[in-house]
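Structure at a glance
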Amino acid sequence: MRIAILALQGAFIEHEQMLHSLGVETFQVRQLSDWQQPKDGLILPGGESTVQARLLTQLGLMQPIRRAILDGLPVFATCAGLILLASHEDGTPRHVLGTMDIDVRRNAYGRQLGSFRAHEAVSGLTDSFPMTFIRAPYIHKVLSPDVEVLSQVDDHIVAVRQGNQIATAFHPELDDPRLHQLWLEMVRSGD
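Residues numbered from 1 in each chain as written. Predicted model: local features only at pLDDT ≥ 70, side-chain atom pairs only at ≥ 80, totals over all residues. Heavy atoms only, no water.

With the rule as written, the count across this model stands at 8 salt bridges. Close ionic contact of arginine 2 with glutamate 25 constitutes a salt bridge, the shortest N to O distance being 2.9 Å. Of this pair, arginine 2 sits in strand E1 (residues 2-6) while glutamate 25 is found in strand E2 (residues 25-29), placing the two residues 23 residues apart along the sequence. Arginine 2 sits in the partly exposed class, given a relative accessible area of 21%. (Salt bridge = Lys/Arg side-chain N within 4 Å of Asp/Glu carboxyl O. Helix = DSSP H or I, 4+ residues; strand = E, 2+ residues; numbered from the N terminus. Buried < 20%, exposed > 50% of the residue type's maximum accessible area, 1.4 Å probe, protein only.)

Right, here's the structure in full:
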């Protein structure tokens with residue numbers, strides 16, 4: 001198994017380290033030639049979603065990545081990655097990857113000082129999961145019955161799955177390998 005990690009900006013190294021600790025081969029995507037390598041899945045890391053979206057467009061990566069996800073490439077997105085996948089932000093259609101039928105609220109918990117930790121249940125995992133939120137969004141609304149809510153914190157949706165996509169508002173790469181393992185099982189099984 002070989003996983004592509006978007007490495008334009010943000011917390012991509014932490015995902016790389018997590019996947020390596022699970023024995024998974026990875027490569028970084030920084031330009032179109034990187035993207036053209038064989039891959040079984042894609043990680044979209046946290047960071048600055050506006051910067052990532054601008055770079056995806058400038059580097060000619062936005063449409064090829066969007067097409068691959070729509071064609072079934074499994075993707076795991078965290079924080080800014082969730083914003084890139086969202087089809088709407090605060091009720092307005094978005095012109096980024098937009099492959100998940102969700103409406104997000106960016107920086108929903110405030111600025112850096114609004115960062116926090118929580119422990120909540122995640123569907124598919126037996127014990128509560130440690131969640132680190134850093135200038136995090138949350139999912140304001142699910143726009144399709146195809147979207148499964150995996151977790152909520154204080155009545156806000158913070159993790160979802162739609163088909164081949166899992167997205168979280170928090171950073172599992174910092175705390176616990178179980179969500180990565182759950183996603184990797186999905187990649188292996190072709191679910």
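Read on for the rest.
This next bit is on the pairing of strand E7 (residues 100-105). Along any regular strand, the residues point their side chains to alternate faces of the sheet. Note that strand E5 (residues 86-89) and E7 share 3 bridges and pair parallel. Along E7, the bridge assignment pairs alanine 86 with methionine 100. Of the strand pairs in this sheet, E7 and strand E10 (residues 138-142) are connected by 4 bridges, and their pairing is antiparallel. Opposite isoleucine 102, over in E10, you have valine 142 as the bridge partner. (Pairing = 2+ DSSP bridges.)

Right, let's get into the nonpolar core. Counting 33 residues, the largest nonpolar core has Trp35, Leu42, Ile65, Leu85 and Ile102 as its most contacted members. The next biggest cluster of nonpolar side chains, apart from the first, holds 28 residues, and it includes Ala7, Leu19, Val153 and Val158. (Core = buried A, V, L, I, M, F, W, Y, C linked by side-chain atoms within 4.5 Å.)

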